[in-house]
Amino acid sequence: MCALKSLEPGPSYGYAIITALEEAGLGTIKGGTLYPLLARFEAAGLLKTEWRAGDGGPGRKYFELTPAGQAALDEQRSAWTRFAKTTTDYLNESDAGEQEGKS
C-alpha cells in the first residue's frame, strides 16, 4: 500500500520510491524487496512502466499508477483506516465491562 502511495503524486523510479518510503519513516527498504513487489503490481495491471534515458548515465525504469492501481490504493487505504480504527478502539477499550460482570 505504501509503495502504491509513493506513486500517487506521479511516476517515479525505484531508488526514489525507496527514498520516499524511508523519509516517511518506514525504515530502509531493500531493492530486493521493492522490485519484485513492483513487478507483481505491474503484472496485476496496477502499474505501467516506461524506460527513460538517464542524464549521462544508464536509463531508469519509471513506474506509474494505472487507474486500477489508484482504485486499489483507495480500497487499501479505506480498509487500513477501518482496521486501524477497530484496533485502536479495541486497545483503548476500558475494562469496565469486565469489572461490571464480576460485581
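Located above this text is the structure these notes cover.
Computed from a predicted structure; not experimentally measured.

1. So, the nonpolar core
Counting 15 residues, the largest nonpolar core has Ile17, Leu38, Phe41 and Leu47 as the members making the most contacts within it. Residue assignment for this core shows that the elements contributing at least two residues are α1 (2–6), α2 (14–23), α3 (31–43), β3 (60–65) and α4 (67–91). Discounting chain neighbours no more than four positions away, the residues touching Ile17 are Ser6, Leu7, Ser12, Leu34, Leu38 and Phe63.

2. Some words on the pattern of salt bridges
Where charged atoms from two side chains of opposite charge come close, those side chains can pair. In this structure the tally under the stated criterion is seven salt bridges. A salt bridge links Lys85 to Asp89; the nearest nitrogen and oxygen atoms lie 2.6 Å apart. Separated by four residues within a single helix, Lys85 and Asp89 lie in helix α4, roughly one turn from each other. For Lys85, a relative accessible area of 52% gives the class exposed. Classification of Asp89 by relative accessible area gives partly exposed; the value is 42%. Residues joined in a network through salt bridges with shared partners are Lys5, Glu8, Asp74 and Arg77.

3. Some words on the packing of aromatic side chains
The full count for this structure, using the stated rule, is two aromatic pairs. Look at Tyr13 and Tyr62: their rings are 5.3 Å apart centre to centre, the planes differ by 65°, and that puts the pair in the edge-to-face class. Of this pair, Tyr13 sits in strand β1 (residues 12–13) while Tyr62 sits in strand β3, and the two are 49 residues apart along the sequence. For the pair Tyr13 and Tyr62, one class covers both residues: buried. One residue, Arg52, lies across the ring of Tyr62, its end atom 4.0 Å from the ring centre. One cation-aromatic arrangement involves Arg60 over Tyr13; the distance from NZ or CZ to the ring centre is 4.0 Å.

Reading the values: the criteria
Residues numbered from 1 in each chain as written. Predicted model: local features only at pLDDT ≥ 70, side-chain atom pairs only at ≥ 80, totals over all residues. Heavy atoms only, no water. Core = buried A, V, L, I, M, F, W, Y, C linked by side-chain atoms within 4.5 Å. Buried < 20%, exposed > 50% of the residue type's maximum accessible area, 1.4 Å probe, protein only. Helix = DSSP H or I, 4+ residues; strand = E, 2+ residues; numbered from the N terminus. Contact = heavy atoms within 4.5 Å. Salt bridge = Lys/Arg side-chain N within 4 Å of Asp/Glu carboxyl O. Phe/Tyr/Trp six-rings, centres within 6.5 Å; stacked < 30°, edge-to-face > 60°. Lys NZ or Arg CZ within 6 Å of the ring centre and 35° of its normal.

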